[in-house]
Amino acid sequence: VSMLGDDLDEVLRDSYRAGHAATAESMGVDEPLLTGGPSQGAPDELAIDLHRDVQAVISRRGESGNRRLSSDVSRAFRSWRTDDAERHVRMAARRAYNDGLLAGYSRIGVAAVEYVAPGRACGDCAADSGVSWTPVADIPPGVDVPPVSPRCAAMVVPKGSDGFDSLLS
């Protein structure tokens, strides 16, 4: 986890900065002073998810024997070397970007924000639900920072901003 942690933390910080800067661009104002940082813990979440997947393979072992178990565990690790790890990193970076958007909107004094999704919402998050809040306040209970699943494309925007249109009128 520690070897992955440093690199992942750098990706999260860069994503957070990008989200923070995007708020100023979308609002047509000077970029506010960068404060705070992304929520941490992504390396631990990755390790927990990998452990869960390997344990699931082991628990399905049954009577198939050690050779089959070894093959199944190897398959789980191969999957994590490619698709699963990439998906987790991408989701963590997108969450950090949304954290940066929230911080930026707070710093420039946006009155209320909400989550919206391009096209059709995934149904797993609060996008397009009408739930809004002041960005300086805590996110309402039951509302998670997107993406909440691999198919979630929601982002935080100022309330009533037509979603992904740049430069509000």
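Placed above this text is the structure.
Conventions adopted
- Residues numbered from 1 in each chain as written.
- Predicted model: local features only at pLDDT ≥ 70, side-chain atom pairs only at ≥ 80, totals over all residues.
- Heavy atoms only, no water.
- Helix = DSSP H or I, 4+ residues; strand = E, 2+ residues; numbered from the N terminus.
- Buried < 20%, exposed > 50% of the residue type's maximum accessible area, 1.4 Å probe, protein only.
- Contact = heavy atoms within 4.5 Å.
- Areas by Shrake-Rupley, 256 points an atom, 1.4 Å probe, with all protein chains shown as cover.
- Core = buried A, V, L, I, M, F, W, Y, C linked by side-chain atoms within 4.5 Å.
- Pairing = 2+ DSSP bridges.
- Axes fitted to C-alpha atoms, helices over the stretch in contact; angles between N-to-C directions.
- Salt bridge = Lys/Arg side-chain N within 4 Å of Asp/Glu carboxyl O.

Enquirer: I keep staring at the overall build of the chain and nothing clicks. Help me out?
Expert: On a plain count of helices and strands, the chain comes out with three helices and three strands. The order of helices and strands in the chain, counted from the N terminus, is α-α-α-β-β-β. A buried classification covers 38% of the 169 residues belonging to the chain. Excluding contacts between residues fewer than 6 apart, the proportion of contacts in the chain whose partners are at least 24 apart in sequence is 69%. Accessible surface for the chain amounts to roughly 9900 Å². Of this, 50% is attributable to carbon and sulfur atoms.

Enquirer: How should the nonpolar core be read in this particular structure?
Expert: Soluble, globular proteins show a tendency: their nonpolar side chains are buried together. Val113, Tyr115 and Val156 are the most contacted members of the largest nonpolar core, which totals 18 residues. Breaking this core down by element, the ones donating at least two residues are helix H3 (66–107) and strand S1 (113–116). Ranked by residue count, the leading element in this core is H3, at three residues. Once you skip the residues sitting within four places of it in the chain, tyrosine 115 turns out to touch Leu102, Ala126, Ala127, Asp128, Trp133, Ile139, Val143, Asp144, Val145, Pro146, Met155 and Val156. Ranked by size, the runner-up nonpolar core spans six residues in total, among them Leu12, Trp80, Ala92 and Ala96.

Enquirer: How do you make sense of the sheet that holds strand S3 (residues 155–158) when you look at a structure like this?
Expert: For sheets, the rule is that strands pair by backbone hydrogen bonds, running either parallel or antiparallel. Pairing is antiparallel in the open sheet, where three strands are placed in the order S2-S1-S3. Every other strand in the sheet has two partners, leaving strand S2 (132–133) and S3 as the edge strands with one partner each. Pairing geometry for S1 and S3, over four bridges, is antiparallel. Along S3, the bridge assignment pairs glutamate 114 with valine 157. Sheet strands in contact with H3 are S1, S2 and S3, and its direction is about 15° off that of S3.

Enquirer: Is there a simple way to explain the side chain of threonine 23 in this structure?
Expert: Positionally, threonine 23 belongs in helix H1 (residues 2–27). When near neighbours in sequence (up to four residues on either side) are disregarded, threonine 23 contacts Pro32, Gly100, Leu101, Gly104, Tyr105 and Ile108.

Enquirer: Help me understand the pattern of salt bridges in this model?
Expert: Pairing between side chains of opposite charge can happen when the charged atoms of each approach one another. Summed over the entire model, instances satisfying the criterion amount to seven salt bridges. With a closest N to O distance of 3.1 Å, arginine 52 and aspartate 53 form a salt bridge. A relative accessible area of 48% means that arginine 52 is categorised as partly exposed. Connected through salt bridges with shared partners, the residues Arg68, Asp72 and Arg75 form a single ionic network.

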